[in-house]
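# Observations on the model geometry
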Amino acid sequence: MDRALPVWILSALALVVLMALPLGWLGWLSVSGEHGATLAHYRDVFTDLALRKALWNTIVLAFWVGLVSVALGAPLAWLTARTDVPGRGLIRGLVLASFVTPPFLGAFAWVMLAGPNAGLIFTMPGLIFIVSIYTFPYVYIMVANTLALIASDLEEAAAILGAGRFAVARTVTLPMVLPALASGFILAVLQALALFGSPAILALPAGFHTVTTQIWSLFQFPPKVEQAAAFSIPLLLATALLLQLQKQLLGRRGYAAVGGKGGQRRTIPLGRWRWPALGACLAVMSCAIFMPYGVLAKAAFARAWAQPLTRDNLTLGNFTFTFFEYGATRAAIVNTLELGVMTACIGAAMVAVLSYVTNRKLVAGHQLIAFLALAPVVVPGVVLAVGLFIAYTRPPFVLYGTLWILFLAYLTKEMPVGYAQADATFRAIPADLEDAGRVLGAGRLRILREITAPLAKSGIIAAWCFIFIGVIRELSASILLFTPNTKVMSVVIFDLKEEGQFGAISVLGLVMLALTFATVALVQAVLGRDVLGARR
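Residues numbered from 1 in each chain as written. Predicted model: local features only at pLDDT ≥ 70, side-chain atom pairs only at ≥ 80, totals over all residues. Heavy atoms only, no water.

## As for the overall build of the chain
- The helix and strand inventory of the chain stands at 24 helices and four strands.
- Computed over C-alpha atoms, the radius of gyration of the chain comes to 24 Å, within 12% of the 24 Å expected from 2.2 N^0.38 for 536 residues, which places it in the range of a compact globule.
- C-alpha extents for the chain along the principal axes are approximately 70 × 70 × 50 Å.
- Residues counted as buried form 53% of the 536 residues belonging to the chain.
- For the chain, restricting intrachain contacts to residue pairs at least 6 apart in sequence, the fraction spanning at least 24 positions comes to 78%. (Helix = DSSP H or I, 4+ residues; strand = E, 2+ residues; numbered from the N terminus. Rg over C-alpha atoms; globule rule 2.2 N^0.38 Å. Buried < 20%, exposed > 50% of the residue type's maximum accessible area, 1.4 Å probe, protein only. Contact = heavy atoms within 4.5 Å.)

## Topic: the pattern of salt bridges
- Taken as a whole and judged by the stated rule, the model has six salt bridges.
- The shortest N-O distance in the salt bridge between Arg-446 and Glu-450 comes to 3.3 Å. Of this pair, Arg-446 and Glu-450 both sit in helix α20 (residues 444–455), four residues apart, roughly one helical turn.
- Since its relative accessible area comes to 46%, Arg-446 is described here as partly exposed. (Salt bridge = Lys/Arg side-chain N within 4 Å of Asp/Glu carboxyl O.)

## Looking at the nonpolar core
- With 171 residues, the main nonpolar core has Leu-76, Met-285 and Leu-480 as its most contacted residues.
- A total of 14 residues in this core trace back to one element, the largest contributor, which is helix α9 (residues 165–194).
- When residues are assigned to domains, this core turns out to be shared by domain 1 (1–26 + 326–536) and domain 2 (48–296), each giving three or more.
- Beyond its immediate chain neighbours, meaning those up to four positions away, Met-285 contacts Leu-76, Leu-94, Val-95, Ser-98, Phe-136 and Phe-290. (Core = buried A, V, L, I, M, F, W, Y, C linked by side-chain atoms within 4.5 Å. Domains from an automatic or database assignment.)

## Digging into the domain arrangement of the chain
- By domain assignment, the chain separates into domain 1 (1–26 + 326–536) and domain 2 (48–296).
- Each of domain 1 and domain 2 was reduced to a C-alpha centroid, and the two centroids are 24 Å apart.
- Contacts between the two partners involve 35 residues from domain 1, matched on the other side by 39 residues from domain 2.
- Summed over both sides, the interface of domain 1 with domain 2 buries roughly 3400 Å², with 83% coming from carbon and sulfur.
- Counting across the interface, domain 1 meets domain 2 through zero salt bridges.
- Linking domain 1 with domain 2 are two residue pairs in polar contact (both at pLDDT 80 or more).
- Listing elements by their share of the side of domain 1 that touches domain 2, those giving two or more residues are α17 (381–391), α22 (478–481), α23 (489–499) and α24 (502–527).
- Of all the elements, α24 adds the most residues to the side of domain 1 that touches domain 2, at 11 residues.
- Residues of the side of domain 1 that touches domain 2, tallied by class, amount to 25 nonpolar, seven polar and three charged. (Buried area = accessible area lost by both parts, 1.4 Å probe. Polar contact = N/O pair within 3.5 Å; in protein donor to acceptor, adjacent residues only side chain to side chain. Nonpolar A, V, L, I, M, F, W, Y, C, P; charged D, E, K, R; others polar.)

## With respect to helix α15 (residues 327–360)
- Given a rise of 1.5 Å per residue, 34 residues ought to cover 50 Å, and the 50 Å separating the end C-alpha atoms of α15 matches this to within 8%.
- Following α15 by one or two positions, Lys-361 adopts a phi angle in the positive range, close to 55 degrees. (Expected span 1.5 Å × (residues − 1).)

## Considering a nonpolar patch on the surface
- A cluster of nonpolar side chains, Phe-301, Leu-309, Leu-314 and Leu-316, forms an exposed patch at the surface whose accessible area comes to about 360 Å².
- Tracing the backbone through its elements, the reader meets Phe-301 in the loop between α13 (274–300) and α14 (317–325). (Patch = residues over 30% accessible without salt bridge, like charges linked within 9 Å, V, L, I, M, F, W, Y side chains within 5 Å. Areas by Shrake-Rupley, 256 points an atom, 1.4 Å probe, with all protein chains shown as cover.)

## Here we look at the environment of Glu-434
- Considering the arrangement of structural elements, one finds Glu-434 in helix α19 (residues 432–439).
- For Glu-434, a relative accessible area of 1% corresponds to the buried category.
- Between the C-alpha atom of Glu-434 and that of Val-492, which follows or precedes it by 58 residues, the distance is 48 Å.

## Regarding the packing of aromatic side chains
- As enumerated under the stated definition, the model contains 19 aromatic pairs in all.
- With 6.4 Å between their ring centres and 80 degrees between their planes, Phe-63 and Phe-185 make a pair best called edge-to-face. Taken as a pair, Phe-63 in helix α3 (residues 49–82) and Phe-185 in helix α9 lie far apart in primary sequence, 122 residues in all.
- For the ring pair Phe-219 and Phe-389, a centre distance of 5.0 Å and an interplane angle of 85 degrees mean the geometry is edge-to-face. (Phe/Tyr/Trp six-rings, centres within 6.5 Å; stacked < 30°, edge-to-face > 60°.)

## Quick word on the side chain of Thr-83
- Within the element layout of this structure, Thr-83 appears in the loop between α3 and α4 (88–100).
- At 2.5 Å, the side chain of Thr-83 and the backbone oxygen of Leu-79 are in polar contact.
- There is a polar contact of 3.3 Å between the side chain of Thr-83 and the backbone nitrogen of Val-85.
- In contact with Thr-83, not counting residues within four places along its chain, are Trp-78, Arg-88, Thr-267, Ile-268 and Leu-270.

## Remarks on helix α7 (residues 136–147)
- With 12 residues, α7 extends 17 Å between its outermost C-alpha atoms, agreeing within 8% with the 16 Å of an ideal straight helix rising 1.5 Å per residue.
- Looking at α7, one finds that the buried residues are Phe-136, Pro-137, Tyr-138, Val-139, Tyr-140, Ile-141, Met-142, Val-143, Ala-144 and Leu-147.

## So, the side chain of Thr-425
- Position of Thr-425 among the secondary structure elements: in helix α18 (residues 403–427).
- A relative accessible area of 13% means that Thr-425 is categorised as buried.
- There is a polar contact of 2.9 Å between the side chain of Thr-425 and the backbone oxygen of Gln-421.
- Setting aside chain neighbours within four positions, we find Thr-425 in contact with Ala-456 and Gly-459.

## Observations concerning the packing of α17 against α18
- In the contact formed by α17 and α18, the axes pass within 10 Å of each other and the chain directions differ by 140 degrees. When the axes of α17 and α18 are compared, the pair comes out oblique. For α17 against α18, the interelement crossing comes out right-handed. Listed contacts from α18 to Gly-381, Leu-384, Leu-388 and Phe-389 of α17 are Ile-405, Leu-408, Ala-409, Thr-412 and Lys-413.
- Each residue belonging to the contact of α17 with α18 can be placed in one class, and the counts come to six nonpolar, two polar and one charged. (Axes fitted to C-alpha atoms, helices over the stretch in contact; angles between N-to-C directions. Parallel < 35°, antiparallel > 145°, perpendicular 65-115°, else oblique. Left-handed = near helix turned anticlockwise from the far one by under 90°.)

In structure tokens:
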């Protein structure tokens, strides 16, 4: 027997427990009653007018966010991947900035941007707008990466036959990227379904709920945990069904270049439309990046954030208040960094082992391990938090009130992105060197440590960075699982909003963005490409 086999089995069992325990408790509590199994909690949920309204609001929000994201992301992807629009690298960098910006931070910024008369922001159209400008990068990534793989032959043939640039885009390019477009739409819908921060900031003051904010409200005193569990299941099922639909869409259609000289991708000249196209791209990015970042920077250094930043209005008092006077800040930063580093280190090691096991097919049921490693992607953060709350507030594992429950939430939630990166890395490493090591008598663990892991180092570091970024910007699970002693930065920002401390929010927001972009820079340095997939 391979002496490393217990390591592979224990890693797989840890993954099973990580997923099965909270979701099992979630399902059980949703149907449990005083006298045994019951569907009464589901009846209460779906006969409650307020809960039905929250469900409808979520459907409206998700559908329109998907459409707006397609309307923004697809043209930007086509312009940067296929045309000679100026500043393509700049546009990609700005899309990346939008991609990693926490949506709740963008919502705070837009509350300040709209000024004292921010009524339009606190409406469903305002919420759709704010969520969309931080969700469209999902569409952009899918479409841009697909366009990068498709040769220009058919487009050139259409142009030779007299079709204009936009006619070519509509009749030739669009059908080729339609599966990616549909997939990006579904990803945008999924993000809108699972989002808590922006709806909590913009919808609750306006007097309406989404599913995630309604689940959060069910945890307010007196908590209605059974109803929260029952209300979480439909969101979980909807997410799983949409992801399955996305998989079918991507698997159903494909395109290949036939011929000996296929694969060339030539840029389409826009002529006099080059600069207007750049202006349109920068207008979108102004809404997502320039204006929100600008107002956060202004508010961080201003005595009165709504007034012009004159010499008399300039101050460092917001930094003093945030770091030295507001009691929760320093502990929250320490908690965030501690959880981020711990989750990233353990998560990167775990996904490296799991992806190695599944790629080398070291244990029976390796397909199930791969499925479970990616399964958390179908679990919205707030639903995962409900399951963890139920699982770890009772014996034998009472973790609520400690950082460990947040660690489990983050590790589970960020597992898919780390596993996907590690899996792609190990797939690219041939097994020949490992076989040579085996012939020379080395065991699997030694081969992994001395041969495979060094070759996979860049991919594992990238997985570490992706997990770390996910942890420091996470809010939807944290908001249900924190206690006064276990607050993280995102929760403190949310608390500061309730107190109207916009200067302190801006300071913490800038700290969060600095940590995020420093980590993104590390990813790019390690991989030699940006997070969106383009070579540097």
